[in-house]
Amino acid sequence: HVGKGQKVDAVELRSRFDAFLPPRGLRDCYDAFVSYRWAPFDSELAEGVFVLLSKEVVQGRMVQVFRDRERLQEGRNFRTDFAAALLASKVVVPIVSEEALRRMLTLKQDSNVDNVLLEWVLTVELQALGILTSCFPILLGTYVAHPTEDGSSITSLFSTDTIKRLPDLVCLSVVAEAERVLVAGGVLPSPQLRTR
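The rules behind these values
Residues numbered from 1 in each chain as written. Predicted model: local features only at pLDDT ≥ 70, side-chain atom pairs only at ≥ 80, totals over all residues. Heavy atoms only, no water. Helix = DSSP H or I, 4+ residues; strand = E, 2+ residues; numbered from the N terminus. Contact = heavy atoms within 4.5 Å. Salt bridge = Lys/Arg side-chain N within 4 Å of Asp/Glu carboxyl O. Buried < 20%, exposed > 50% of the residue type's maximum accessible area, 1.4 Å probe, protein only. Expected span 1.5 Å × (residues − 1). Polar contact = N/O pair within 3.5 Å; in protein donor to acceptor, adjacent residues only side chain to side chain. Core = buried A, V, L, I, M, F, W, Y, C linked by side-chain atoms within 4.5 Å. Phe/Tyr/Trp six-rings, centres within 6.5 Å; stacked < 30°, edge-to-face > 60°.

Engineer: Would you mind showing me how to read the side chain of Asp-31 here?
Structural biologist: On the secondary structure map, Asp-31 appears in strand β1 (residues 30-35). Apart from the residues lying within four places of it in its own chain, the contact partners of Asp-31 are Arg-61, Met-62, Val-63, Gln-64, Lys-90 and Val-91.

This is how it looks when you write it as structure tokens:
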């Protein structure tokens, strides 16, 4: 109880209202990892998924969810921390959108690392190795300002040819980074990693 005119420091406030505040900072493990492209609609959807899942209580404890903007800390290595979080997650929720795929259309074998593709490659590898419990992708096209005839504001991911136009190749920098991350996390990469 705080009386009128009484001052309380930030640590005390956090301890009193922790159950009502969105989770912040890195943890040792996560129940879910939200993977998405930094794009207006994708980011908003990822935030919504994070908020909804973070409010859930399972077996008497709050569900721990990783979303980079809530969990990553300034001054730390972005790629190292999100990769470690992915390795420490039970479930991955990738937002597979038109926007996420569009940036992959120009990938070549010698392209720089695309972080979303890296997350998806790690997800497939961790599932194949039996480390990841599940993957629940959210598939969506693009947001449209005026709803379609059926009332939808989001098109189907399969209504365009974007998926068909994705390059059929292995991006070597992504594979090398996935191998580095896996080994750093104590996981032996499968031989199939270089062929996926």
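Engineer: Would you explain the pattern of salt bridges in this entry?
Structural biologist: Between side chains of opposite charge, a pair can form as their charged atoms come close. One pass over the structure, following the stated rule, counts eight salt bridges. Between Asp-31 and Lys-90 there is a salt bridge, and its shortest N-O distance comes to 3.4 Å. In this pair, Asp-31 sits in strand β1 while Lys-90 sits in strand β5 (residues 89-97), placing the two residues 59 residues apart along the sequence. Residue classification places Lys-90 among the partly exposed residues on the basis of a relative accessible area of 41%. For the salt bridge of Glu-177 with Arg-180, the shortest nitrogen-to-oxygen distance reads 2.7 Å. Within this pair, Glu-177 and its partner Arg-180 are both found in helix α8 (residues 172-184), separated by three residues, close to a single helical turn. Of the residues examined, Arg-180 reaches a relative accessible area of 39% and is grouped as partly exposed. Each of Asp-31, Arg-61 and Lys-90 takes part in one network of salt bridges that share partners.

Engineer: Would you explain helix α6 (residues 115-128) in this entry?
Structural biologist: With 14 residues, α6 extends 20 Å between its outermost C-alpha atoms, agreeing within 8% with the 20 Å of an ideal straight helix rising 1.5 Å per residue. For α6, every residue scored as buried is listed here: Val-116, Leu-117, Leu-118, Glu-119, Trp-120, Val-121, Leu-122, Thr-123, Glu-125 and Leu-126. Taking the backbone nitrogen of Val-116 as reference, a side-chain oxygen 3.0 Å away marks Asp-114 as the first, capping residue of α6. Count one or two residues on from α6 and you reach Gly-130, which has phi positive near 80 degrees.

Engineer: What exactly am I supposed to notice about the nonpolar core here?
Structural biologist: In globular proteins that are soluble, nonpolar side chains generally tend to be buried together. One finds Phe-33, Met-104, Leu-117, Trp-120, Leu-122 and Leu-182 to be the most contacted residues of the largest nonpolar core, which totals 32 residues. Those elements that place two or more of their residues in this core are β1, α4 (78-87), β5, α5 (98-102), α6 and α8. For this core, the element with the highest residue contribution is α6, accounting for seven residues. Those residues in contact with Leu-122, other than ones at most four positions away along the chain, are Ala-83, Leu-86, Ala-178, Val-181 and Leu-182. With twelve residues, the next largest nonpolar core counts Ala-32, Val-63, Val-91 and Val-93 among its residues.

Engineer: How should unusual backbone geometry be read in this particular structure?
Structural biologist: Peptide bonds are mostly trans, and most non-glycine residues show a negative phi. Positioned with a positive phi, Gln-59 is a non-glycine residue whose angle comes to about 50 degrees. By secondary structure assignment, the location of Gln-59 is in the loop between β2 (57-58) and β3 (61-62).

Engineer: In this structure, what is going on with the packing of aromatic side chains? I would like to understand it.
Structural biologist: Where two aromatic rings form a pair, the distance of their centres and the angle of their planes describe that pair. As enumerated under the stated definition, the model contains three aromatic pairs in all. Ring plane angle 75 degrees and centroid distance 5.4 Å describe the contact between Tyr-30 and Phe-66, whose orientation is recorded as edge-to-face. Here the residue Tyr-30 occupies a position in strand β1, and Phe-66 occupies one in strand β4 (residues 65-66), the gap between them amounting to 36 residues. Judged by its relative accessible area of 2%, Tyr-30 is buried.

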